[in-house]
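Okay, here's what each chain looks like letter by letter:
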Amino acid sequence: DELRYLSLDGNNFSGSIPDVFTGLTNLERVYLNFNEFNGVMPSSLCFLREEGVLEDLWSDCGGYPITCTCCTVCCDMVAECDEMASQQGGSD
């Protein structure tokens, strides 16, 4: 509940990302890039992005088999990351 930053980047984690982020309403930044995750980004993380709580969500959606429609930055394993213009948060 108090967690604000989650940095798991560069740990060679693999498999799917569990959907366990629902109660983390203070979570502002999540870095999951430079791992070997696959599957789909958990809906609980995308919900936090849609609600404007989660400002940054980085993942390996630029070259690995993970689908992320709510990531702010997609990376690949050549250390290149691209900001996703369509996913940039902003105040209306």
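Our subject is the structure listed above.
1. Structural notes on the overall build of the protein chain
The helix and strand inventory of the protein chain stands at one helix and nine strands. Going from N to C terminus, the protein chain has its helices and strands arranged as β-β-β-β-β-α-β-β-β-β. Of all 92 residues assigned to the protein chain, the portion counted as buried reaches 35%. Partitioning the intrachain contacts of the protein chain with sequence separation of at least 6 by distance along the chain shows that 47% fall at a separation of at least 24. As displayed, the protein chain offers around 5,300 Å² of accessible surface, 48% of which is attributable to carbon and sulfur atoms.

2. Re the pattern of salt bridges
A complete count under the given rule lists three salt bridges for this structure. Two residues, R4 and E28, come together in a salt bridge whose shortest N-O distance is 2.3 Å. One end of the pair, R4, is in the segment before β1 (5-7); the other, E28, is in the loop between β2 (14-15) and β3 (29-31), and 24 residues separate them in sequence. For R4, a relative accessible area of 41% gives the class partly exposed. E55 is the partner of R29 in a salt bridge, and the nearest nitrogen-oxygen pair spans 3.4 Å. Taken together, the residues R29 in strand β3 and E55 in the loop between α1 (43-50) and β6 (56-59) connect sequence positions 26 residues apart. One network of salt bridges, with partners in common, ties together R29, E55 and D56.

Rules used in this analysis
- Residues numbered from 1 in each chain as written.
- Predicted model: local features only at pLDDT ≥ 70, side-chain atom pairs only at ≥ 80, totals over all residues.
- Heavy atoms only, no water.
- Helix = DSSP H or I, 4+ residues; strand = E, 2+ residues; numbered from the N terminus.
- Buried < 20%, exposed > 50% of the residue type's maximum accessible area, 1.4 Å probe, protein only.
- Contact = heavy atoms within 4.5 Å.
- Areas by Shrake-Rupley, 256 points an atom, 1.4 Å probe, with all protein chains shown as cover.
- Salt bridge = Lys/Arg side-chain N within 4 Å of Asp/Glu carboxyl O.

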